[in-house]
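# Fold and geometry: a report
Take a look at the letters that make up each chain.
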Amino acid sequence: DAKTTQPPSMDCAEGRAANLPCNHSTISGNEYVYWYRQIHSQGPQYIIHGLKNNETNEMASLIITEDRKSSTLILPHATLRDTAVYYCIVRGLGSSNYKLTFGKGTLLTVNP
Amino acid sequence: DAGVTQSPTHLIKTRGQQVTLRCSPKSGHDTVSWYQQALGQGPQFIFQYYEEEERQRGNFPDRFSGHQFPNYSSELNVNALLLGDSALYLCASSQHTEAFFGQGTRLTVV
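Residues numbered from 1 in each chain as written. Chains lettered and ligands numbered in written order. Predicted model: local features only at pLDDT ≥ 70, side-chain atom pairs only at ≥ 80, totals over all residues. Heavy atoms only, no water.

Turning our attention to the pairing of strand β11 (residues 105-109) of chain B. Residues and elements named next belong to chain B. Where burial is concerned, the two faces of β11 differ: the one with T105, L107 and V109 is buried and the one with R106 and T108 is not. Pairing of strand β2 (residues 10-13) with β11 involves four bridges; the strand directions are parallel. When the sheet's bridge partners are listed, I12 is paired in β11 with T108. Direction of pairing for strand β9 (residues 87-94) relative to β11: antiparallel, over a ladder of three bridges. Note that in β11 the partner of Y89 across the bridge is T105. (Buried < 20%, exposed > 50% of the residue type's maximum accessible area, 1.4 Å probe, protein only. Helix = DSSP H or I, 4+ residues; strand = E, 2+ residues; numbered from the N terminus. Pairing = 2+ DSSP bridges.)

Written out as structure tokens, the structure is:
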């Protein structure tokens, strides 16, 4: 699986949009970008995933650049409960790519 | 609809002992993966079970073993516990794409 690079920490004001970047310059054509988050002492929570088109669901939006070498997770109106570690993961769906490879993620702190 | 459930939530064991952790997958999911998360680190993949067989394994010693039952639930067994095995053990279930995680079992080895 391709390696990802994320900033170790970010701050965001409550009610503002939080934009979390991720670099995955070695991503291959059949690899998806997944985002998970982990609130302290809880299990990781699935947020969203995409291949090359932008995706949106009730939690967030995922913007993937045209060359697929980077992406941005957008939380449109951050709340205090969005404070968590956010993990960007690249994963293929082929027969040898069942695991999720977590890095250290980005600690997002939402401030009042 | 119950999500992924793990038991127990917390456990304290002595070095050298053996431990069994349990996981019930989300309804409709047939694949179970186990992860180990040390303090301050991201989760590390241990192995994945599908159709009662270990399908892929991470870089963990043979002291770590598992099992999947016909109802898709799973167990993680760790033998000869070391102090370094102290961690949060996470179970994730899936059906084709995204994985859903349980709340984990916090194992402390003393």
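How big an interface is tends to be stated in terms of accessible area lost as the parts join. Tallying the contact residues gives 20 residues for chain A and 19 residues for chain B. Here chain A and chain B share an interface that buries about 1,600 Å² over both sides, 53% of which is from carbon and sulfur atoms. Applying the counting criterion to the chain A and chain B interface returns zero salt bridges. Run the count over chain A and chain B and you get four residue pairs in polar contact (both at pLDDT 80 or more). For the side of chain A that touches chain B, the secondary-structure elements that each account for two or more residues are β3 (31-38), β4 (45-50) and β8 (84-92) of chain A. A per-element tally of the side of chain A that touches chain B places β3(A) first, with three residues. (Contact = heavy atoms within 4.5 Å. Buried area = accessible area lost by both parts, 1.4 Å probe. Salt bridge = Lys/Arg side-chain N within 4 Å of Asp/Glu carboxyl O. Polar contact = N/O pair within 3.5 Å; in protein donor to acceptor, adjacent residues only side chain to side chain.)

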